[in-house]
Amino acid sequence: MTAALNAVMNGGLTGGGAVAAQKTVLITGVSRGLGKALAVEIAKRGHSVIGCSRSQEKLDSLQSELCSGPSSSSSSSEKHLFLNADVCSNSGVQELARVVMEKKGVPDIIVNNAGTINKNNRLWEVPEEEFNAVIDTNLKGIANMLRHFIPLMIEKKQGILVNMSSGWGRSAAAQVAPYCASKWAVEGLTKSVAKELPAGMAIVALNPGVINTEMLQSCFGSSSGMYQAPDSWAPKAADMILNLTVADNGASLSV
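Being a predicted model, the structure only gives us computed values, none of them experimental. (Residues numbered from 1 in each chain as written. Predicted model: local features only at pLDDT ≥ 70, side-chain atom pairs only at ≥ 80, totals over all residues. Heavy atoms only, no water.)

Draft legend 1. Expanded view of the overall build of the protein chain. Regarding its fold elements, the protein chain presents nine helices and seven strands. Every one of the 255 residues in the protein chain was classed for burial, and the buried ones make up 48%. Put simply, 72% of the contacts in the protein chain that link residues at least 6 apart link residues at least 24 apart. For the protein chain, the exposed surface amounts to about 11,700 Å²; the carbon and sulfur share of it is 52%. (Helix = DSSP H or I, 4+ residues; strand = E, 2+ residues; numbered from the N terminus. Buried < 20%, exposed > 50% of the residue type's maximum accessible area, 1.4 Å probe, protein only. Contact = heavy atoms within 4.5 Å. Areas by Shrake-Rupley, 256 points an atom, 1.4 Å probe, with all protein chains shown as cover.)

Given below as structure tokens:
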């Protein structure tokens with residue numbers, strides 16, 4: 001049993017599912033879907049959230065939501081930080097790291113959640129630019145984040161990194177070959193980096209399960225409504241992510 005699951009099974013959580021120590025959690029792709037739901041849940045538990053997305057409008061909306069919620073306070077606007085950034089851009093992530101360090105310091109946990117999927121199609125019918133967008137976001141985006149944030153965590157001598165994978169990163173399906181390829185790559189990248197990290201740090205690949213998001217709807221259509229919504233998923237995911245330890249390094253986990 002992993003350390004994270006062991007903590008949950010043995011009452012390692014405080015009341016309401018929150019952990020005792022406040023943490024700073026950076027989440028990419030917070031403008032919608034799993035990223036947004038996870039950001040709201042973690043903020044609700046009293047932790048500080050740093051979020052990034054390419055949509056300034058949606059970032060502003062999320063900031064307003066967190067500052068006007070029942071658990072918000074006059075300091076909520078300063079507690080969380082939302083930044084416009086594209087993880088596909090190495091220079092953009094470099095600037096993101098600079099601003100995060102200046103305003104919040106080194107995050108305790110980074111959740112590399114930003115992702116995209118190709119339109120259902122056989123591989124040879126997927127346009128080159130669409131294939132590239134999937135790889136650039138799902139794989140290179142994570143690599144950019146690791147490139148600029150791991151050295152900061154090493155200097156601090158601690159840090160947890162969570163790379164969002166997928167059931168299709170451990171299996172395969174027709175018409176989503178680019179997405180499957182990117183998520184299989186995330187699994188391999190995670191296991192390799194786990195062997196490079198120093199003591200005090202950990203990196204895991206996390207399969208969120210099948211959740212009714214816009215991405216799932218693009219694949220499953222109306223049948224995606226059979227699956228749980230992001231808001232229902234977020235508490236379980238937060239329990240696991242907030243309780244990861246160095247003992248989980250290199251693991252392939254599932255919510």
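Draft legend 2. Quick peek at the packing of helix α6 (residues 128-156) against helix α7 (residues 177-194). The N-to-C vectors of α6 and α7 enclose an angle of 20°; their axes lie 8 Å apart at closest approach. Accordingly, the angle class assigned to the pair α6 and α7 is roughly parallel. Here α6 and α7 pass one another in a crossing that is right-handed. Listed contacts from α7 to F131, V134, I135, N138, L139, I142, L146 and I150 of α6 are P178, Y179, S182, K183, A185, V186, L189 and V193. Here the contact of α6 with α7 is built from residues that sort into 13 nonpolar, two polar and one charged. (Axes fitted to C-alpha atoms, helices over the stretch in contact; angles between N-to-C directions. Parallel < 35°, antiparallel > 145°, perpendicular 65-115°, else oblique. Left-handed = near helix turned anticlockwise from the far one by under 90°. Nonpolar A, V, L, I, M, F, W, Y, C, P; charged D, E, K, R; others polar.)

Note that all results are geometric; they support no functional claim without further evidence.
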